[in-house]
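# Observations on chain architecture
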Amino acid sequence: MSGVTIVSGNPRLEAAFVDLFGRSGPVRRIWSNQWRDPVDVAMDACAAEPEVVVTGADVGLEMAELVVPEIDRLFPSVTVLCLVPRLDVATSLLLLRLGARD
């Protein structure tokens, strides 16, 4: 297991992670407008066996609330980080309770 998978339609987010980590670890971005099932998103996000999955702010809180527990259930060794457009205590606690790590 290694690397970071970014679930986002924003290629600039991928570029920011590459700038941050360099090419020392694989950074890959996935996105599909066809996703309807959170299990499909979890499976796609973890297909390359990443250490970390980052959900971009463009995923939306509602989808993150569905995807995070699926990743945590199906791939418990994967760390999930959620980027949200506006951070508040209630949102942070909710996502942490669902399985996000940060």
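Quick note: structure is the one above.
In short, a report on the structure.

Each value, and the rule that gives it
- Residues numbered from 1 in each chain as written.
- Predicted model: local features only at pLDDT ≥ 70, side-chain atom pairs only at ≥ 80, totals over all residues.
- Heavy atoms only, no water.
- Salt bridge = Lys/Arg side-chain N within 4 Å of Asp/Glu carboxyl O.
- Helix = DSSP H or I, 4+ residues; strand = E, 2+ residues; numbered from the N terminus.
- Buried < 20%, exposed > 50% of the residue type's maximum accessible area, 1.4 Å probe, protein only.
- Pairing = 2+ DSSP bridges.
- Axes fitted to C-alpha atoms, helices over the stretch in contact; angles between N-to-C directions.
- Contact = heavy atoms within 4.5 Å.
- Right-handed = clockwise from strand over helix to strand, strands pointing away.
- Parallel < 35°, antiparallel > 145°, perpendicular 65-115°, else oblique.
- Polar contact = N/O pair within 3.5 Å; in protein donor to acceptor, adjacent residues only side chain to side chain.

### A look at the pattern of salt bridges
Counted by the stated rule, this structure contains three salt bridges. Residue Glu 70 pairs with Arg 73 through a salt bridge whose shortest N-O separation is 2.6 Å. Here Arg 73 and Glu 70 lie together in helix α3 (residues 61-74), a separation of three residues that amounts to about one turn. Residues Asp 72 and Arg 101 are paired through a salt bridge, measuring 3.2 Å at the closest nitrogen-oxygen approach. Of this pair, Asp 72 sits in helix α3 while Arg 101 sits in the segment after α4 (89-98), and the two are 29 residues apart along the sequence. On the basis of relative accessible area, Asp 72 is assigned to the partly exposed category, the value being 25%.

### Describing the sheet that holds strand β2 (residues 27-30)
Spatially, four strands are ordered β2-β1-β3-β4 in an open sheet, and the strand pairing comes out parallel. Unpaired on one side and paired on the other, β2 and β4 (79-82) mark the two borders of the sheet. Averaged over all neighbouring strand pairs, the angle between strand axes comes to 20°, with direction disregarded. Where helix α1 (residues 11-21) meets the sheet, it contacts β1 (4-7), β2 and β3 (52-55), and its direction lies at approximately 170° from that of β2. Relative to the sheet, helix α2 (residues 38-45) contacts β1, β2 and β3, its axis offset from that of β2 by approximately 155°.

### Some details on the pairing of β4
Only one face of β4 is buried: it carries Val 80 and Cys 82, and the other face, with Thr 79 and Leu 81, is open. Once the chain exits β3 it traverses α3 before rejoining the sheet at β4, and the crossover so formed is right-handed.

### Some remarks on the packing of α3 against α4
Here α3 crosses α4 at 30°, and the two axes come no closer than 8 Å. Considered as vectors, α3 and α4 are oriented roughly parallel to each other. Judged by residue contacts, Leu 61, Ala 64, Glu 65, Val 68, Pro 69 and Asp 72 of α3 engage Thr 91, Leu 94, Leu 95 and Leu 98 from α4.

### Quick notes on the environment of Cys 82
Inspection of the secondary structure assignment puts Cys 82 in strand β4. Spatially, the C-alpha atoms of Cys 82 and Gly 60 are 9.8 Å apart, while their sequence positions differ by 22 residues. In this view, Cys 82 contacts Thr 55, Val 68, Leu 95, Ala 100 and Asp 102; residues no more than four positions away in its chain are not counted.

### Re α4
Residue Asp 88 occupies the N-cap position of α4, its side-chain oxygen lying 3.1 Å from the main-chain nitrogen of Ala 90. Of the residues one or two after α4, Gly 99 is the one with positive phi, at around 125°.

Shape descriptors only; they carry no functional weight alone.
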